[in-house]
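Examination of the molecular architecture
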Amino acid sequence: MAMTKRELIQFMDELVELASEENKSRAILVKEKFINDFEKSYEYEKEVQTEITELPPYYIAAMPDLIQEEIKAKIIAALTECGECTPENVERAMSSKIYDLEDLIDIKEYVRRMVVSSNL
């Protein structure tokens, strides 16, 4: 049976929901790694991913509002500095994974925060 990317992600989300509360963070990370590896192999379109409501913590949209605002301010500053600050570029960056912004901001602090919060 062939599945669309959306169906695959929904299926994986359902599997994550079956995980116990203690294992939920790990299940999300395993799911995300599987989907990322799958995307690299089959190169599905990225737009479908943004429609999923439950995003793992390393998506900026899944982070607390305060952290999102911090990141947005740093992105705007970095894009302004290189003359690329347009609403579209800011929006694209904010809908990315934190790891995809390595060339714009220092992500180490946010990665550390995510690791700490996922271990709680």
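In the block above lies the structure referred to throughout.
Analysis parameters
Residues numbered from 1 in each chain as written. Predicted model: local features only at pLDDT ≥ 70, side-chain atom pairs only at ≥ 80, totals over all residues. Heavy atoms only, no water. Helix = DSSP H or I, 4+ residues; strand = E, 2+ residues; numbered from the N terminus. Contact = heavy atoms within 4.5 Å. Buried < 20%, exposed > 50% of the residue type's maximum accessible area, 1.4 Å probe, protein only. Arc of directions from axis to C-beta.

1. Here's the deal with the environment of I76
- Topologically, I76 is positioned in helix α3 (residues 65-81).
- I76 sits 14 residues away from V90 along the chain, and the two C-alpha atoms are 6.6 Å apart.
- Those residues in contact with I76 that lie beyond four places of it in its chain are C85 and V90.

2. Points about helix α4 (residues 87-94)
- Taken as a whole, α4 has its buried residues at N89, V90, A93 and M94. Along α4, the residues classed as buried sweep out an arc of 130 degrees about the axis, all on the same side. Seen from the open side of α4, the exposed residues pointing more than 90 degrees away from its buried face are P87, E88, E91 and R92.
- For α4, the secondary structure elements touched by its buried residues are α3.

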